[in-house]
Amino acid sequence: MRLSVVGAGYVGLVTASCFAEMGNHVVCIEHDPFRVARLSRGEIPIYEPGLESMLKSHLASGQLSFTADMAEGVRGASAIFIAVGTPTGEDGSADLSHVLAVAEQLGQCLTSACLIVDKSTVPVGTAERVEQRINQRLGERGMKFRIRVASNPEFLKEGSAVEDFMRPDRVVLGCSDTASSELLRRLYAPFLRNHERVLQMSVRAAEFTKYAANAFLATKISFMNEMAGLCARLGVDIEDVRRGIGSDRRIGTHFIYAGCGYGGSCFPKDVRALIRTAELQGFEPAILRAVEARNALQKTLLLQDLREHFNGHFQGRVVTLWGLSFKPGTDDLREAPSLVLLDALLAAGARVQACDPVACSGVAKRYADELASGQLRLDESPYAMVEGADALVLVTEWKQFRQPDFARVRRLMRMPVLFDGRNIYDPSEIAEQGFLYRGIGRPQAGHCKASAA
Ligand SMILES: NC(=O)c1ccc[n+]([C@@H]2O[C@H](COP(=O)([O-])OP(=O)(O)OC[C@H]3O[C@@H](n4cnc5c(N)ncnc54)[C@H](O)[C@@H]3O)[C@@H](O)[C@H]2O)c1
């Protein structure tokens, strides 16, 4: 099938590459000409495991191409997927300006009927708006055909996006007519060969399903973070509680890890957008507000612990951060807890040495002045960054941080103090190595001699 994907970000690139992998001819349309030039040379602007090799091989075979020209990119397409960003708008709602701009452009350039598919996360009613906008423009141009817009929300996870797309848990299709659903079912059939996982529903239900899924996952995390806060006060280890409740199949083991807050390009903005949707309906979203408030507090927790440890004085202190991306497996820094901590530590006068396998360049762009002044250092080596540190903070649980050589870390640090923002270490083992250990919602372990500073 000939397909177009609008937007060459995390979702657009994965969608375009995976559809090309199944033998479709895909044109990816991206309005940033620099991104188009880089992608056309096979340079991938994001880090996503498995994506680069797939993209390069389909570029080489001609199965996948990139353009900034919408009219050229959609010519002859049977389906056009919209995968542009829907960031938070001023009032908390999803900013639909990119989606509606694409609708406008499509209305002005389409010359034949095709199916438009919303893959971006958009509030209920957006497909109707996009359909109206495009058909209005087609009418003004004297075109005789009209288009339909289906909803096919994306559930991939950054860090395992290719795997998720190739083997989806489910494919949600919101269609208003049989022709649209048949086309999408045909397109997804190669991804669902072992068993049927298409969930078909109304367009509005599909749009809502995506928000409900993200809001539910964010709720699980915030709930556990709240329990962790209580555990810390009661002398209980949240990790025991996590295992205790996760073994109940009604609860399950996923997304019940306490930590220093959720970030990323989806949960924060989607919870906010759903809150705004509820407000506009005159409905009080009490749970969603609490989820958001708990997460905002959670992102300040490591700073509070550090402040307490240093008696409020950060001047002359060296703090090491391990992990900067919002989660392992991605270079995405959007709403990452690390940035909240970095901002506060730098403002308080601490020197920060930070390490991440793939996200250092993104952080370097954001903190150019602090890098130039030497207040911030960045490196991919965890050991180089702990040298002379008064505290080590694990922020993102990349695999390379799971079993470091703690004896070496201890020798390199000025003070052996470890704040575990993701509870990945065993407190007693860390204490045995001579560290003072503090996790999230766990009793403190170990000792640390008073600092000379
Ligand atoms: N990132 C994820 O993990 C994820 C997962 C599921 C769903 N989503 C949803 O998918 C959508 C896209 O997310 P993303 O993370 O890929 O965003 P992104 O910001 O990484 O990518 C969006 C891309 O679209 C381009 N773009 C914007 N307007 C355009 C236009 N008019 N024409 C052509 N290109 C245009 C941007 O330049 C950018 O490259 C969002 O609604 C998001 O909520 C994201």
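Reading the values: rules and limits
- Residues numbered from 1 in each chain as written.
- Predicted model: local features only at pLDDT ≥ 70, side-chain atom pairs only at ≥ 80, totals over all residues.
- Heavy atoms only, no water.
- Domains from an automatic or database assignment.
- Contact = heavy atoms within 4.5 Å.
- Buried area = accessible area lost by both parts, 1.4 Å probe.
- Salt bridge = Lys/Arg side-chain N within 4 Å of Asp/Glu carboxyl O.
- Polar contact = N/O pair within 3.5 Å; in protein donor to acceptor, adjacent residues only side chain to side chain.
- Core = buried A, V, L, I, M, F, W, Y, C linked by side-chain atoms within 4.5 Å.
- Buried < 20%, exposed > 50% of the residue type's maximum accessible area, 1.4 Å probe, protein only.
- Helix = DSSP H or I, 4+ residues; strand = E, 2+ residues; numbered from the N terminus.
- Arc of directions from axis to C-beta.
- Near = heavy atom within 4 Å.
- Areas by Shrake-Rupley, 256 points an atom, 1.4 Å probe, with all protein chains shown as cover.
- Phe/Tyr/Trp six-rings, centres within 6.5 Å; stacked < 30°, edge-to-face > 60°.
- Lys NZ or Arg CZ within 6 Å of the ring centre and 35° of its normal.
- Disulfide = S-S within 2.5 Å.
- Axes fitted to C-alpha atoms, helices over the stretch in contact; angles between N-to-C directions.
- Parallel < 35°, antiparallel > 145°, perpendicular 65-115°, else oblique.
- Left-handed = near helix turned anticlockwise from the far one by under 90°.
- Nonpolar A, V, L, I, M, F, W, Y, C, P; charged D, E, K, R; others polar.
- Pairing = 2+ DSSP bridges.
- Right-handed = clockwise from strand over helix to strand, strands pointing away.

*Asks:* Is there a simple way to think about the domain arrangement of the protein chain in this case?
*Replies:* A common way to report how large an interface is uses the accessible area buried once the components associate. Segmentation of the protein chain into domains returns domain 1 (2-200), domain 2 (210-297) and domain 3 (299-438). Computed over C-alpha atoms, the centres of domain 2 and domain 3 are 24 Å apart. Listed as interface residues are 15 residues of domain 2 and, on the opposing side, 13 residues of domain 3. When domain 2 packs against domain 3, the two sides together hide about 1,200 Å² of surface, and 47% of this comes from carbon and sulfur. Three residues, Cys 260, Gly 264 and Leu 297, lead the burial of domain 2 against domain 3; their summed loss comes to 42% of the area buried on that side. One can count one salt bridge joining domain 2 with domain 3. Here Arg 272 makes a salt bridge to Glu 335, at a shortest N to O gap of 2.5 Å. Across the domain 2-domain 3 interface, the total number found is nine residue pairs in polar contact (both at pLDDT 80 or more).

*Asks:* In this structure, what is going on with the nonpolar core? I would like to understand it.
*Replies:* The tendency in soluble globular proteins is for nonpolar side chains to be buried as a group. With 42 residues, the main nonpolar core has Phe 19, Phe 81, Leu 184 and Tyr 188 as its most contacted residues. At seven residues, helix α1 (residues 10-21) tops the list of elements feeding residues into this core. Dropping the residues within four chain positions of it, Phe 19 is found in contact with Leu 3, Asn 24, Val 26, Phe 81, Phe 165, Leu 187, Tyr 188 and Phe 191. Residues Val 27, Ile 29, Ile 80 and Cys 114 belong to the second largest nonpolar core, which totals 41 residues.

*Asks:* Explanation requested: helix α13 (residues 301-309) in the structure shown.
*Replies:* For the α-helix, the turn length of 3.6 residues means that residues three or four positions removed from each other point alike. By the burial criterion, the buried members of α13 are Leu 302, Leu 303, Asp 305 and Leu 306. In a view along the axis of α13, the buried residues occupy a sector of 160°, so they form one face of it. The elements touched by buried residues of α13 are β9 (318-322), α14 (337-347), β12 (391-394), β13 (417-420) and β14 (436-438). Trailing α13 by a residue or two, Asn 311 shows a phi angle of about 50°, which is positive.

*Asks:* Even after reading the chapter, I still don't get the site of the ligand, so can you show me in this structure?
*Replies:* Around the ligand sit 27 residues in total, of which Val 11, Glu 30, Thr 86, Glu 158 and Lys 269 are the nearest. Between Thr 121 and the ligand, the recorded distance is 2.9 Å, taken from a backbone N or O atom to an oxygen atom. Across the complex, the protein chains shield 90% of the 830 Å² of accessible surface that the ligand would expose by itself. Two domains each donate at least three residues to the shell around the ligand, and these are domain 1 (2-200) and domain 2 (210-297).

*Asks:* Any chance you could explain the packing of aromatic side chains here in plain terms?
*Replies:* Per the stated rule, a full pass over the model turns up 14 aromatic pairs. With a centroid separation of 5.9 Å and an interplanar angle of 55°, the aromatic rings of Tyr 188 and Phe 191 are classed as tilted. On the basis of relative accessibility, which here comes to 3%, the residue Phe 191 falls in the buried class. These aromatic residues form a ring-pair network of at least three members: Phe 19, Phe 81, Phe 165, Tyr 188 and Phe 191. Its end group placed over the ring of Phe 155, Arg 170 keeps NZ or CZ at 3.7 Å from the ring centre. Above the ring of Tyr 383, the side-chain terminus of Arg 408 is found at 3.9 Å from the ring centroid.

*Asks:* I'm lost on the state of the cysteines in this one. Help?
*Replies:* Covalent bonding between the sulfur atoms of two cysteines is what defines a disulfide. For the coordinates displayed, the defined rule picks out zero disulfides. Sulfur of Cys 175: no disulfide; nearest cysteine sulfur belongs to Cys 114 and is 14 Å away. Sulfur of Cys 260: no disulfide; nearest cysteine sulfur belongs to Cys 355 and is 15 Å away. Exposure remark for Cys 260: the relative accessible area of 2% places this residue in the buried category.

*Asks:* Please explain the packing of helix α11 (residues 267-280) against helix α12 (residues 286-298) as it appears in this structure.
*Replies:* When two helices pack together, their arrangement is captured by the angle between the axes and the distance separating the axes. Contact pair α11 / α12: the axes reach a minimum separation of 10 Å and the direction vectors enclose 150°. Relative to α12, the element α11 is oriented roughly antiparallel. Relative to α12, the crossing made by α11 is left-handed. For the pair α11 and α12, contact is made by Val 271, Arg 272, Leu 274, Ile 275 and Glu 279 and by Leu 288, Arg 289 and Glu 292, respectively. The residue inventory of the contact of α11 with α12, partitioned by class, reads four nonpolar, no polar and four charged.

*Asks:* I keep staring at the pairing of β9 and nothing clicks. Help me out?
*Replies:* For a regular strand, side chains alternate in direction, first toward one face of the sheet and then toward the other. Counting buried residues along β9, five of its five residues qualify, which places the element largely inside the surrounding structure. Neither face of β9 is exposed, since Val 318, Thr 320 and Trp 322 on one face and Val 319 and Leu 321 on the opposite face are all buried. Pairing analysis gives five bridges linking β9 to strand β10 (residues 351-355), with the strands arranged parallel. Bridge pairing links Thr 320 to Gln 353 in β10. Handedness of the β9-α14-β10 crossover: right-handed. As paired elements, β9 and β12 share four bridges and run parallel to each other.

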